[in-house]
Amino acid sequence: MSADFLFELGTEELPPVALKSLLKALAAGAQEGLQKAGLEYTDIESYAAPRRLAIIIKGLAPTTPVKEVTVWGPPAKIAFDADGNPTKAAEAFAGKNGLSVGDLSTENDGKADKLVARQQAGGEQATALLADIFNDALAKLPIPKRMRWGASRTEFVRPVHWLVMVYGNDVVDATILGLTAGRESRGHRFHHNQPISFNSASDYVETLRSAYVLVDMAERRSLIIEQVNHQASQIGGTAVIEEGLLDEVTALVEWPVALTGKFEERFLQVPAEALISSMAEHQKYFHVVDANGELKPNFITLANIESKDPAQVIDGNERVIRPRLSDAAFFFETDKKTPLATQRERLKTIVFQAKLGSIYEKTERIASLAAAIAQDVGADATKATRAGELSKADLVTEMVLEFDKMQGIAGYYYALNDGEDPEVAQALTEQYLPKYAGDKLPETTTGTLIALADRLDTIVGIFGIGQKPTGSKDPFGLRRASLGALRLMVEQGINLDLKTLLQTAVAGHGSNIAKPDETVAESLAYMLERFRAWYEEDAIATEIYLAVAAKGISHPLDINARVLAVDAFARMSEAEALAAANKRVSNILSKLDGEPSGSVNNDLLHENAEKVLAEAVASKANSVAPLYQERRYADALAELASLREPVDNFFDQVMVMAEDEALKNNRLALLNQLRGLFLQVADISLLAPTKG
């Protein structure tokens, strides 16, 4: 009869940033092990707290299914000699299956009489398999570096202290990581520092709750959100709950208790981002904002105990955060004494990449490239140049050296302090946008230009020195940089030729790049290929992108417009037939020795179907011309969709490769014109399904 199984591994405090991934991997490993063993179950529940990983397998079958296994052996005429005695072939087959020859039978498999071994397989006890299943699951956990402790040779992410394995009401006889399984666990380190026992899996969660351990991560997470929001409301503010910090705090506490502390208002003169970074990264505090979104002089921390004197806990946290914020204030005031332009000089000694020079030299290239782009798009080249020059100056400031997430942000505040143009200052922050897929884009034109120039400079530089990314290695983040650059050009409406921009970027590197033309070609191909992943995320079929890519266009904004138009066209009822027709035309034309005539002679149009098609093609050529000129590709393709009927009729009723050379050439010219109408957007013949 099936029963629930409980597994719990007790450890020293597990790494909080890894707890969720460890739990997910353990559950996946257990599921994989159960499936391989053939053990049936109804569900798997996973639990984790700072000092434990646990799995409950609901409705676990007591044994693996029993089934009959049939193994066919050698033909009977080979298995027995003329006297009916077993040969070595029969004995070998029997031995291979752990049987005697007498246990075998002779049956016909539909072709010949053969020896056959029929045995029952399965029926293994679940309790005998669980140790191997969990040993294997634990061995596969994503642990970058395992540790040993004491004199033991056992390795795990943290020292292990207890092991619970209970099936139904019985302890499983097993040893894992040097621990013998039992039913005893531990409660909260302070509130219930004593052994607790589980009679079965069903009382696991509530028994731990009574011992001040909320073992369900989802429950702890929800409780933390509720408590933090309540604490913020008590002081008239709103807590800012960042997902990463929330996950980390959830992994740090077994029994969360939210408490509110405060700090001196004088610290609010420091950039809020620095204060928030200090509170979140160093102390795992949530910050609070007022109705205007301004930082309040408060923080919310999560204690792991219910203190009888919470004021003491709050006071301790306030004492800890005060020197952190004092450091931030000191760095801010110190940095403001040195203008960014002066700080920039220190970049000359910091290497960006050994073959590409210093970060200072990179800022020179960024400034030059950004100015060139600004001139092309009618933006302010002076602002672009200045922002490019100052773009990395804050990397050597005390603030950024202490809080690395302040790069760009610190530059913004220091630029304003230096009296720089506000847009130049904002560009120093925006140069890193977008940081990831779906991230926001720069709000200013100057910020957009700096962000684009920075990425293009890095891409061509790394390709130029032969360190292009591989399938598994991308140390300079060129995939992310390429997608970011494409987003900047497409979503910010920068209508420029990417190939030309890359040529300008390569020229800026001078002698750093030995093969400029090759670098441009490789960089361009690599960047445009990122479109494929972009469109896959938007559920746009790969063949749609390939249909546009076949045009060899290097204007990202134009490529995107065409892809969206072809995607809309592909959803129309006429698309499949027209794609197939274009493919047929393409195949016909590809077999010719040369290009067909560009014009159609109306006097040679004999069949009614070809006359109708010729008239339709001529009419559509006139109606879509202005649409193509305005890049209204979707509207143009929608116009061309009405060609389906005359195209279908043409192929049904007209022999293209007529014996009369003049008729044949005229019809080929007509088909060439037809295909040309679509080719002005994309090669839609690539949308036609491939015959299997």
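Because the structure is predicted, anything quoted here is derived from the model rather than measured.

Cut-off values and rules
Residues numbered from 1 in each chain as written. Predicted model: local features only at pLDDT ≥ 70, side-chain atom pairs only at ≥ 80, totals over all residues. Heavy atoms only, no water. Buried < 20%, exposed > 50% of the residue type's maximum accessible area, 1.4 Å probe, protein only. Helix = DSSP H or I, 4+ residues; strand = E, 2+ residues; numbered from the N terminus. Pairing = 2+ DSSP bridges. Polar contact = N/O pair within 3.5 Å; in protein donor to acceptor, adjacent residues only side chain to side chain. Contact = heavy atoms within 4.5 Å. Axes fitted to C-alpha atoms, helices over the stretch in contact; angles between N-to-C directions. Parallel < 35°, antiparallel > 145°, perpendicular 65-115°, else oblique. Left-handed = near helix turned anticlockwise from the far one by under 90°. Nonpolar A, V, L, I, M, F, W, Y, C, P; charged D, E, K, R; others polar.

Peer 1: I tried to follow the pairing of strand S15 (residues 286-289) on my own but got confused; where do I start?
Peer 2: The side chains of a regular strand alternate, residue by residue, between the two faces of the sheet. Here S15 shows no split at all, with Phe286 and Val288 on one side and His287 and Val289 on the other all buried. Pairing of strand S13 (residues 238-240) with S15 involves 3 bridges; the strand directions are antiparallel. When the sheet's bridge partners are listed, Ala239 is paired in S15 with Val288. With 3 bridges connecting them, S15 and strand S16 (residues 295-303) associate as antiparallel partners. Within S16, the position partnered with Phe286 by the bridge is Ile300. In this structure, the hairpin formed by S15 and S16 is closed by a connection of 5 residues, where Gly293 is found at a positive phi of approximately 80 degrees.

Peer 1: What am I meant to see in the side chain of Gln431 here?
Peer 2: Looking at where Gln431 falls in the secondary structure, it is placed in the loop between helix H15 (422-430) and helix H16 (445-464). At 2.6 Å, the side chain of Gln431 forms a polar contact with the backbone oxygen of Ser391. At 2.8 Å, the side chain of Gln431 and the backbone oxygen of Leu428 are in polar contact. Dropping the residues within four chain positions of it, Gln431 is found in contact with Ser391, Lys392, Gly447, Ile450, Ala451, Asp454 and Arg455.

Peer 1: Just checking my understanding: could you explain the packing of helix H11 (residues 359-377) against helix H18 (residues 498-509) for this structure?
Peer 2: The relative placement of two packed helices comes down to the angle between their axes together with the axis-to-axis distance. Where H11 contacts H18, the two axes come as close as 10 Å, and the packing angle between them is 150 degrees. Between H11 and H18, the crossing angle belongs to the class labelled roughly antiparallel. Seen from above, H11 lies across H18 with right-handed handedness. Contacts from Arg365, Leu369, Ala372 and Ile373 of H11 reach H18 at Leu501, Thr504, Ala505, Gly508 and His509. A class-by-class count of the residues in the contact of H11 with H18 yields 5 nonpolar, 3 polar and 1 charged.

Peer 1: So what exactly am I meant to see when it comes to the environment of Phe352 here?
Peer 2: Within the secondary structure, Phe352 sits in strand S17 (residues 351-353). Separated by 10 residues in sequence, Phe352 and Lys362 place their C-alpha atoms 7.4 Å apart. Aside from chain neighbours lying at most four places away, what touches Phe352 is Gly357, Ser358, Ile359, Lys362, Arg365 and Thr458.

Peer 1: Hey, could you run me through the sheet that holds strand S3 (residues 52-60) in this one?
Peer 2: Remark on secondary structure: sheet strands pair via backbone hydrogen bonds, oriented parallel or antiparallel. Within the open sheet, the 5 strands sit side by side as S2-S3-S1-S7-S8. Their pairing is antiparallel. Among the strands making up the open sheet, the edge pair consists of strand S2 (43-49) and strand S8 (170-171). Sheet strands in contact with helix H4 (residues 126-139) are strand S1 (3-11), S3 and strand S7 (160-167), and its direction is about 40 degrees off that of S1.

So yeah, pure geometry; function would need other evidence.
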